[in-house]
Amino acid sequence: MKLNKEEFLADVNAILRGDYACDLASANKKERYNALSKAVMMKAYDAWMKSTQSKQKRCAYFSAEFLMGRAIYSNLLNLGVLDEARKIMSSVGVDLGEFEEVEDAALGNGGLGRLAACYLECAASRDLPLDGYGIRYRYGLFRQTFADGFQHEEGDDWLKWGDPWSVRVEREAVKVVFSDQTVWAVPYDMPIFGYRNGVVNTLRLWQSEPLRPFDFASFNEMKGERIAEENFNATKITDVLYPNDNTMVGKILRLRQQYFMVSASLQDILRKYKKTGKPLSELPEHRVFQLNDTHPVLAIPEMLRLLRLEGLSFEEAFDICSRAFNFTNHTIMAEALEKWDALALKDLLPAVYEQIVTCQQKLEKEGADPNRYYIVKDGIVHMANLAIYVCAKVNGVAQIHTDILKRETFRDWYEKYPDKFVNITNGITPRRWMLLNNPEMAKEIDKRIGTQWHTELSELSKLDPVLTEMLPAFRGIKKKNKEKLAAYIEKAEGVKISPDFAFDVQVKRLHEYKRQLLNALSILYFYYEIKEGRMKDFTPTAFLFGAKAAPGYYNAKAIIKFINEIAKLVNGDEAVSRYMKVVFVQNYNVSYAEKIVCAADISEQISMAGMEASGTGNMKFMLNGTVTLGTMDGANVEICEEAGIENNYIFGARVEDVPDIKKFYSPRQILAENPALKRVVETMIDGTFDDGGTGVLRKLYESIVEGYDPDHYIVLYDFADYVRVKEQLLRDYGTDEFYLKCLKNLAHSGKFSADRSVSDYSRLIWHI
Ligand SMILES: *Cc1c(COP(=O)(O)O)cnc(C)c1O
């Protein structure tokens, strides 16, 4: 796309006149944001229509979450007009940076939702016909603040700036029918721009609405009371994103959301497919589906139901589904594998439940051992099993994760269907996670190896011969990024950190398995070592955290409080705060991540081995030239393969050792043998910290020291090795050798481009 200054300003002014009865001179920020965005949308419209009307085979990516972040800068970048737009706006006195206030579209929790967003961008950039289908939540992931160190949640009104990057397509609304209500699903389409290639795919998000405005006939059949209730319930379905990450919530509203999304999407896709005149039996040659975790797995029985309404037999419908659907597993944690109460499902969606039961009967008829293979058992529907039974391919998201799926989680299914299981290691888009968030580094790389790496990230390895040469520039840019982040943190959090400190960062959802507690305990250990004079030459370090805890996740919230108490202690201690600061930033989200990732020196990826399926935060840091301080878990394993284990800092129990460790595990014994550790752990109960009388810190203490399965994630077991490696890392920090390790990581991050991931999906699964 090209922007002509006069023409573009005329477009913007025309939109301002029509929509707000003002012009650029008198418009406010929100009006400017909407007008500028819409002017760009109008220019992109032809390319969008051309892409969507192509006749090629397409893949539909079904996901309950799309963590898109802020659209404006990413879209301008991909359309190739970011610099031009900046210049044009500045010529009329508008700083493009003013739109950094615009809310993120946080329609997802964390890694899973961000992955979906990266895949859409990368597929468009690789000219792969992939469209997203999901839910247009009225409120996304809650906004987090801290009061007295405790997390507070507020509604995320992401639409308060308007939604100029979406188009409401009311004429394509479809009805979704539950046993107790029928609602409209109205699609909002968001264009997904490929990087400077003219391709525009679509993210279609469904919003639930009452029948009334569109359908007087249905409305008139209802009477009095029911009308108000029906309207109330209708909008409620897509009101709010469930704020749980890696946990299952057995709420009927969640089930409603899932069915709403898949039913609307499939009706829409089938309606359009039928218009092409091709037979339904050929559908998988033209349309394939990727199910992002179990949240959209109801798509399988819904498709069976819809195909049988078209007159197909169960076997015919099953055959189509078994060629069209594919399933991505994201976790081995039992508490995240979705299971629904069979009666509740049957109550809400009888015709869908019937298809699930027929799948179970088919499985039985095939003679499968009912103890090993089941979909419905003891009144429970097992969504992952349904997905594996029907889908053509099942994939894990990093090699170690796929190995665990085959060996443990889905061992029986793997034995039955070895060819279904494939690995596709996750990735991130280098456009948002380098070109956009770290433009100076990108330019520095351009200078040395050209720009091909923008779309072929493995080209970064061409930097190998010039890494030493690049060192001063790399240090300079990193320093500048740290200065910027420090200024932002001072403004947003009210804490001053020096850009001369090492920036040691752990940002990700708060979860016990991710072990923010391990990081916190090590910081407290360093604090006492410095304070009491045993550690004399500690490398000045800023320990940064960012994480939201699910509102009902008691221990996760306790960990936030604990870290905030540590921050208060450390930052308020004049003698020690010369060597360390601790900041837990509020409301960590995609836009915050963009600022943090390019300014980090150390990337903390310290989950218990076997628990983090892949991680993608680790990849963002690596690409931006950061060493990983981590366990051999998820994609960390592959990061070490690519960049060299000697260029990262690896510690802790390996996945194969964990079962034996847990067999004889005694946290009390570890504490008895390590008095320094015992002391920092006991700060949770000895009055060092004040939890406002809530008892949350004592409960946290108990969870790692007492009870039937204490310290489930072996924090205490890994502590000594963690501290040993972390001390070594901090000694190395600042040297040329250290920054060379950082650069080595950057230069060998090519594998972790999601361009590679979507190409793998296309080649191994979608065949688009
Ligand atoms: C990348 C990202 C994540 C995932 O981080 P992990 O460390 O892989 O868990 C979560 N939230 C946001 C906002 C992200 O950008």
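Residues numbered from 1 in each chain as written. Predicted model: local features only at pLDDT ≥ 70, side-chain atom pairs only at ≥ 80, totals over all residues. Heavy atoms only, no water.

## A closer look at the overall build of the protein
For clarity, the cut-off: Secondary structure elements are defined from DSSP: runs of H or I of at least 4 residues count as helices, runs of E of at least 2 residues count as strands, and each element is numbered from the N terminus. Atoms considered for the radius of gyration are the C-alpha atoms alone. The globule rule reads 2.2 Å times the number of residues to the power 0.38. Categorising residues by exposure relies on relative accessible area from a 1.4 Å probe, with only protein chains included: less than 20% of the type maximum marks a residue as buried, more than 50% marks it as exposed, and the intermediate range marks it as partly exposed. Whether two residues touch is decided by their heavy atoms; if any such pair falls within 4.5 Å, the residues are in contact. Here the Shrake-Rupley method, with its probe set to 1.4 Å, supplies the accessible areas, and only the displayed protein chains count as covering residues. Asp and Glu count as negative and Lys and Arg as positive, but His and the ends of the chain are not part of the count. A charge is said to be at NZ when it belongs to Lys, at CZ for Arg, at CG for Asp and at CD for Glu.
Scanning the protein from terminus to terminus reveals 31 helices and 23 strands. Expected size for 768 residues packed as a compact globule is a radius of gyration near 27 Å; at 26 Å, the protein falls within 12% of this value. Over its C-alpha atoms, taken along the principal directions, the protein stretches across nearly 80 × 70 × 55 Å. With 768 residues in all, the protein has 63% of them scored as buried. Pairs at least 24 residues apart make up 77% of the contacts formed inside the protein by residues separated by at least 6 positions. Total accessible area on the protein is roughly 28600 Å²; 50% of this is exposed by carbon and sulfur atoms. Distance between charge centres in the protein, computed from 99 positive and 108 negative side chains, equals 3 Å.

## Description of the site of the ligand
To be explicit about the condition: For this purpose, a residue is taken to be near a molecule or strand whenever a single non-hydrogen atom of the residue falls within 4 Å of it. Here a polar contact is recorded for every N or O atom pair within 3.5 Å, except that within protein the pair must consist of a potential hydrogen donor and a potential acceptor, and residues adjacent in sequence are included only if both atoms are side-chain atoms. Just so you know the grouping, Ala, Val, Leu, Ile, Met, Phe, Trp, Tyr, Cys and Pro go in nonpolar, Asp, Glu, Lys and Arg go in charged, and all remaining residues, Gly too, go in polar.
Around the ligand, 14 residues are found, and the nearest of them are Lys508, Lys514, Thr616, Gly617 and Lys620. The separation between an oxygen atom of the ligand and a polar side-chain atom of Lys508 is 2.7 Å. The contact in question runs from an oxygen atom of the ligand to an N or O atom on the backbone of Thr616, over 2.8 Å. Protein chains shield 95% of the accessible area of the ligand, which is 390 Å² for the free molecule. Taken together, the residues of the shell around the ligand sort by class into five nonpolar, six polar and three charged.

## Considerations on the domain arrangement of the protein
Counted only if it meets this: Residue ranges labeled as domains rest on an automatic or database domain assignment. Summed over both partners, the accessible area (1.4 Å probe) lost when two parts come together is defined as the buried area. Any carboxyl oxygen of Asp or Glu within 4 Å of a side-chain nitrogen of Lys or Arg constitutes a salt bridge here.
The domains assigned to the protein are domain 1 (1-242), domain 2 (243-425) and domain 3 (430-752). For domain 2 and domain 3, the distance between their C-alpha centroids amounts to 37 Å. With 15 residues of domain 2 at the interface, the matching set in domain 3 holds 20 residues. The junction of domain 2 with domain 3 conceals about 1300 Å² of combined surface from both sides, 64% of it contributed by carbon and sulfur atoms. Counting across the domain 2 and domain 3 interface gives zero salt bridges. Taken together, domain 2 and domain 3 are joined by four residue pairs in polar contact (both at pLDDT 80 or more). Counted by class, the side of domain 2 that touches domain 3 contains seven nonpolar, six polar and two charged residues.

## A word on the packing of aromatic side chains
Formally: Ring geometry is summarised as follows: Phe, Tyr and Trp rings, the Trp one being its six-membered ring, pair when their centres sit within 6.5 Å, and such pairs are stacked at plane angles under 30 degrees, edge-to-face over 60 and tilted between the two. Here, over-ring charges are defined by two tests on the NZ atom of lysine or the CZ atom of arginine: distance to the ring centre within 6 Å, and angle to the ring normal within 35 degrees.
For the structure shown, the criterion picks out 30 aromatic pairs. In this structure an aromatic cluster arises from ring pairing among Phe314, Phe318, Tyr373, Tyr389, Trp413 and Tyr417. Positioned above the aromatic ring of Tyr139 is the side chain of Arg138, whose terminal nitrogen or guanidinium carbon lies 4.7 Å from the ring centre. Here the guanidinium or amino end of Arg679 rests over the ring plane of Tyr528, the centre of that ring lying 3.8 Å away.

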